[in-house]
Amino acid sequence: MKKLTALDVLTQSPVIPVMVIDNLKNAVPLAKTLVESGIKVLEITLRTECGLDAIKLIKQEIPDAIVGAGTVLNPVQFEQAIIAGAQFIISPGITESLLQKSILFDVSFIPGVATASEIMLAKQYDLHCLKFFPAEINGGIKALQAFSSVFPEITFCPTGGINEKNYLNYLNLKNVMCVGGSWFVPLSAVKQENFALIAQLAQSTIEGIQ
Ligand SMILES: O=C[C@H](O)COP(=O)(O)O
Ligand SMILES: CC(=O)C(=O)O
């Protein structure tokens, strides 16, 4: 049994921050800001050198956070993320090598899909919680509505082009459990260590839903 199912991950928070941390010293303050603002599922991307260390540190320092790895592109990164302590693994895409790797580990895998064929591939591996990426340029809400007729059992986390203007429209869809994005964790604010701005953006995101 997986420790935390993919559905558990997607139901714990209506929004998942796609976090790019390029300086390890910002990892804990950023994660703390988000968790205190009501966002406890964190996707730490492996786009930076300190991504794996950030996962490890946040796991140690912020027990309330549910910490996953994002931008996992190959089986080596998949394993490194698990060793670092990732509780779930997200990829922008879906490949046979990642799917094969995911079978070996007791950690939920949420691959990225953008087409019906990719959804069908995920289904072959019994994966029913998927990232829809990049959402807006692949048809956005209309594509998700079309997927819903054909794949009613699939739950999506649309990501890519989601922002403060459209996230509620996505969350209103029956096959969307949460949305992912960077609009409330802008890299410019992280670099400037402007955690007050991130707290404000995160809180207004959460308040918009209630
Ligand atoms: O690189 C894309 C991220 O996964 C999230 O997309 P975003 O910056 O449009 O929210
Ligand atoms: C697209 C995304 O969230 C990722 O890089 O995994």
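Here, every reference points to the structure presented above.
A short tour of the structure in this document, coming up. In this numbering scheme, every chain counts its residues from 1 along its sequence in written order. Written order determines the labels here, with chains lettered from A and ligands numbered from 1. For a predicted model such as this one, the threshold for reporting local features is a pLDDT of at least 70, and the threshold for listing and counting side-chain atom pairs is 80 or more; totals across whole chains, interfaces and linings nevertheless cover every residue.

1. Quick look at the site of ligand 1
No. 1: Nearness between a residue and a molecule or strand is assessed with a C-beta atom placed from the backbone; a distance within 6 Å qualifies. The immediate surroundings of ligand 1 are formed by V18, T159, G160, G161, I162, G181, S182 and W183.
No. 2: Split by residue class, the shell around ligand 1 holds three nonpolar, five polar and no charged. Polar here means any residue outside two lists: the nonpolar Ala, Val, Leu, Ile, Met, Phe, Trp, Tyr, Cys and Pro, and the charged Asp, Glu, Lys and Arg; Gly therefore counts as polar.

2. What to know about the packing of helix α3 (residues 51–61) against helix α4 (residues 75–84)
No. 1: Geometry is summarised by axes, namely lines fitted to C-alpha atoms with helices restricted to the contacting stretch, and by angles between N-to-C directions that run from 0 to 180 degrees. Helix and strand assignments come from DSSP, with helices taken as H or I runs of at least 4 residues and strands as E runs of at least 2, each series counted from the N terminus. Running from N to C, α3 and α4 point in directions that differ by 25°, and their axes come no closer than 8 Å. The angle between α3 and α4 falls in the class roughly parallel. Taken as a pair, α3 and α4 cross one another with a handedness that is right-handed. In contact with L52, I55 and K56 of α3, α4 contributes Q80, A81 and A84.
No. 2: Among the residues making up the contact of α3 with α4, the classes are represented as four nonpolar, one polar and one charged. Here the word oblique covers every angle except those under 35 degrees (roughly parallel), over 145 (roughly antiparallel) and from 65 to 115 (roughly perpendicular). For a crossing to be left-handed, the near helix must be turned anticlockwise from the far one by less than a right angle; the clockwise case is right-handed. Note on contacts: each residue gets a C-beta atom placed from the backbone, and two residues are in contact if those atoms are within 7 Å.

3. What about the site of ligand 2?
No. 1: Every residue close to ligand 2 is listed here: V18, T45, G70, T71, I90, S91, P92, G112, F133, T159 and G180.
No. 2: Along the lines of polarity and charge, the residues of the shell around ligand 2 split into four nonpolar, seven polar and no charged.

4. A short note on the nonpolar core
No. 1: Think of a nonpolar core as buried Ala, Val, Leu, Ile, Met, Phe, Trp, Tyr and Cys residues chained together by C-beta atoms that fall within 7 Å. Residue burial is a threshold on neighbouring C-beta atoms within 10 Å of the residue's own C-beta, all placed from the backbone, with 20 or more meaning buried, 12 or fewer meaning exposed, and counts in between meaning partly exposed. Core analysis: the largest hydrophobic core is formed by 65 residues, its most contacted members being I58, A81, A86 and I89.
No. 2: Contact partners of I89, with chain neighbours within four places excluded, come to G68, A69, V72, F78, A81, V107 and F109.

5. Things to note about the sheet that holds strand β8 (residues 155–158)
No. 1: The parallel open sheet is built from three strands, whose spatial order is β6-β7-β8. The open sheet has two edge strands, β6 (112–113) and β8, and neither has a second partner.
No. 2: Here two bridges tie β6 to strand β7 (residues 129–132), and the two strands are oriented parallel to one another. Bridge pairing in β7 places G112 opposite K131. A pair of strands is labelled paired if DSSP reports no fewer than 2 bridges between them.

6. Here we look at the pairing of strand β2 (residues 41–45)
No. 1: With five of five residues buried, β2 lies mostly within the body of the structure.
No. 2: Side chains V41, E43 and T45 of β2 all project onto a buried face; the interleaved residues L42 and I44 project onto the opposite face, where all are buried too.
No. 3: Across two bridges, strand β1 (residues 15–19) lies against β2 in parallel orientation. Residue pairing for β2: M19 is matched across the bridge by I44.
No. 4: Orienting the strands away from the viewer, one traces the path from the first strand over the helix to the second; a clockwise path indicates a right-handed crossover. Read from β1 through helix α2 (residues 27–36) to β2, the crossover connection turns out right-handed.
No. 5: Here five bridges tie β2 to strand β3 (residues 66–70), and the two strands are oriented parallel to one another. Looking at the pairing, L42 lines up with V67 of β3.
No. 6: Handedness of the β2-α3-β3 crossover: right-handed.

7. Some words on the environment of V28
No. 1: One can find V28 in helix α2.
No. 2: Taking the C-alpha atoms as reference points, V28 and K59, separated by 31 residues in sequence, lie 9.3 Å from one another.
No. 3: Those residues within four positions of V28 in sequence are excluded, and the remaining contacts are L57, I58, E61 and I62.

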